[in-house]
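# An overview of the molecular structure
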Amino acid sequence: MIAPIQPALFERMVALRRDLHRDPEISWQERHTTYRIARELDRLEIAHASPLETGLVAEIEGPPGVPAIALRADIDALPIQEETGLDFASRVDGVMHACGHDAHAAMLLGAAELLVTGPDPIPAPVRLIFQPAEELGTGALAMIEAGALAGVDAIFGGHVDGHIPAGVIALAEGTVNASSDSFRITIRGRQGHAARPHETVDAVVVGSLIVMAVQTIVSREIDPAHPSVLSIGRFEAGNASNVIAGKAVLEGTIRAQEMEVRDHLQRSLERVCASVGQLHEAEIDFALEAGPPPLVNREPMLGIARAAAAAALDSEHVRRAVRGANMGGEDFSWYLREIPGCYARFGARPPGLPAQSAHSSSFLIDEEVLATGAAWMAEVARRAGRTLASHPEDPATIGGEL
Ligand code: NI
């Protein structure tokens, strides 16, 4: 094993991860998962509370008067029918831990055990955030509003990554996840007989024009050096082959690595929809549901995260900027809007298998990642705690002397 973890602790993490994997729960339904985590915290004698309906906040006590360091794991599963054939595969129809959040919960409990059983006292209290509903992008904000960051000066977290070999921790500087907003466009035309189109306003035609017109927003309005995506994933209209549809609904998502680009995409999308509607005398209703902002790793917390990875693993397993930003969203970015921190990618590709895509019914991880993730989390909490305890004035201005 690459990370120095006791075999008994590793076995406990594997067993817990498999338990959670067998009984996955979708966003805001994580009741059994919350119960299982609470029992493990009880075993470790770590006080915990449930400020939301699901999820937990716990704290490992440290020296008095020192601000806490937070470690966060997300705990929800996805509405996907598992097809891995694992002997601990999901026994819940249509629900699967296809994003590895079962591993995140297990490795955070492993880190907690390392911190409470380690030979040295911890330099700062460690807040453990077991967050629900990451997949909806709403759990982090709810946790923040419930006070999960009160008294916390820095936060760290990470995600398993099926593209990177197990045992590697990748820490990139700058934007590592895109913003993620969803939108819904409702087109109201005039229904009528398919043989008398001149008496109608065809919502299918107007919707199709909108689908094509928005393709030029990213390709012709946004600087190609600033990655962004605008995708329409759903187009619903019509009831019969001989009836012109009076209503159509389009749904999609916009992703961007910078807030200015995100704002531009939102404005342009609304403008193009309104213009096409006016052109064809259809009524357009545009609704945007704002999701998490881009996730950006910055110094000095990135330096602490890298030093922790180097200490927890051996240096050949710490990678700098393995790959560019991922256009997927990650609601950890909400925490980084409040306090400094850093987000890691934990290599989890099983040996001998191709890269594994999360959000797929056949997603597999190498459980070795539990050891690397737990070791890094425990180490980064200690290092950040030591650094912030010696620079209590402002965590954002600490130099990189690590
Ligand atoms: Ni995920």
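Conventions used here
Residues numbered from 1 in each chain as written. Predicted model: local features only at pLDDT ≥ 70, side-chain atom pairs only at ≥ 80, totals over all residues. Heavy atoms only, no water. Helix = DSSP H or I, 4+ residues; strand = E, 2+ residues; numbered from the N terminus. Rg over C-alpha atoms; globule rule 2.2 N^0.38 Å. Buried < 20%, exposed > 50% of the residue type's maximum accessible area, 1.4 Å probe, protein only. Contact = heavy atoms within 4.5 Å. Areas by Shrake-Rupley, 256 points an atom, 1.4 Å probe, with all protein chains shown as cover. Lys, Arg positive; Asp, Glu negative; His and termini not counted. Charge placed at Lys NZ, Arg CZ, Asp CG, Glu CD. Polar contact = N/O pair within 3.5 Å; in protein donor to acceptor, adjacent residues only side chain to side chain. Donors = N, O, S within 2.8 Å, 3.2 Å for Na, K, Ca; no water. Core = buried A, V, L, I, M, F, W, Y, C linked by side-chain atoms within 4.5 Å. Domains from an automatic or database assignment. Salt bridge = Lys/Arg side-chain N within 4 Å of Asp/Glu carboxyl O. Expected span 1.5 Å × (residues − 1). Pairing = 2+ DSSP bridges. Axes fitted to C-alpha atoms, helices over the stretch in contact; angles between N-to-C directions.

### What to know about the overall build of the protein chain
In terms of regular secondary structure, the protein chain is built from ten helices and 16 strands. In terms of overall dimensions, the protein chain is globule-like: its C-alpha atoms have a radius of gyration of 23 Å, near the 21 Å expected for 402 residues. In terms of overall dimensions, the protein chain has C-alpha extents of about 80 × 50 × 40 Å along its principal axes. The 402 residues of the protein chain split such that 54% are buried. Looking at the protein chain alone, contacts between residues at least 24 apart form 80% of all its contacts between residues at least 6 apart. For the protein chain, the exposed area adds up to about 17100 Å²; of that, 50% sits on carbon and sulfur atoms. Considering the protein chain, the positive charge centre built from 33 side chains and the negative charge centre built from 54 side chains are found 3 Å apart.

### What to know about the side chain of N177
Relative to the helices and strands, N177 resides in strand β7 (residues 174–177). From its side chain, N177 meets the backbone oxygen of G328 in a polar contact 3.1 Å long. Aside from chain neighbours lying at most four places away, what touches N177 is P294, L295, N326, G328, G329, E330, Y343 and R345.

### Considering the coordination of the nickel ion
Coordination of the nickel ion by the protein is provided by C99 (SG), H101 (NE2) and H159 (NE2), with metal-donor distances spanning 2.1 to 2.2 Å. Of note, the nickel ion draws all its donor residues from one chain, in the sequence arrangement C-x1-H-x57-H. You can see C99 sitting in the loop between β3 (68–74) and α3 (101–117) and its partner H159 sitting in strand β5 (residues 152–165), a full 60 residues away along the chain. Comparing C99 with H159, the two get one shared label, buried.

### Describing the side chain of N297
Structurally, N297 is set in strand β14 (residues 295–297). Judged by relative accessible area, N297 falls into the buried class, the value being 1%. Within the structure, N297 has its side chain in polar contact with the backbone oxygen of A172 (distance 3.1 Å). A polar contact of 2.9 Å, which involves the side chain of N297, links it to the backbone nitrogen of Y343. Setting aside anything within four residues of it in sequence, one finds N297 in contact with A172, E173, G174, V176, L302, L336, C342 and Y343.

### What to know about the nonpolar core
Counting 69 residues, the largest nonpolar core has L71, L128, F130, F156 and W376 as its most contacted members. If one sorts the elements of this core by residue count, helix α10 (residues 368–390) sits on top with twelve residues. Apart from residues no more than four positions distant in its own chain, L71 is found in contact with L108, L115, V126, R127, L128, I129, F156, M377, V380 and A381. One finds F183, A203, V211 and I217 within the second-largest nonpolar core, a separate group that totals 24 residues.

### A few points about the domain arrangement of the protein chain
Domain assignment breaks the protein chain into domain 1 (7–175 + 294–397) and domain 2 (181–289). Relative placement of domain 1 and domain 2: their C-alpha centres are 38 Å apart. Each partner contributes to the interface: domain 1 provides seven residues, whereas domain 2 provides eight residues. Our count for the domain 1 to domain 2 interface comes out at zero salt bridges. Where domain 1 packs against domain 2, one counts two residue pairs in polar contact (both at pLDDT 80 or more).

### A closer look at helix α7 (residues 259–279)
Between its first and last C-alpha, α7 extends 30 Å over 21 residues, near the 30 Å set by a 1.5 Å rise per residue. Those residues of α7 lying buried are V261, R262, L265, Q266, S268, L269, V272, C273, V276 and G277. In the stretch just after α7, E281 is the one whose phi turns positive, near 55°.

### Notes on the environment of R43
Secondary-structure assignment places R43 in helix α2 (residues 31–43). Taking relative accessible area as the criterion, R43 reaches 42% and is therefore assigned partly exposed. For R43 and E113, which are 70 residues apart along the polypeptide, the C-alpha to C-alpha distance reads 9.7 Å. Beyond its immediate sequence surroundings of up to four residues, R43 is in contact with R12 and E113.

### Description of the sheet that holds strand β12 (residues 247–256)
Here we have four strands laid out as an open sheet, ordered β10-β12-β8-β13, and antiparallel in their pairing. In this open sheet, the two strands that pair with only one neighbour each are β10 (228–237) and β13 (283–289). Neighbouring strand axes in the sheet, compared pairwise and without regard to direction, differ in orientation by 20° on average. Pairing between strand β8 (residues 179–188) and β12: ten bridges, direction antiparallel. Looking at the pairing, S180 lines up with R255 of β12.

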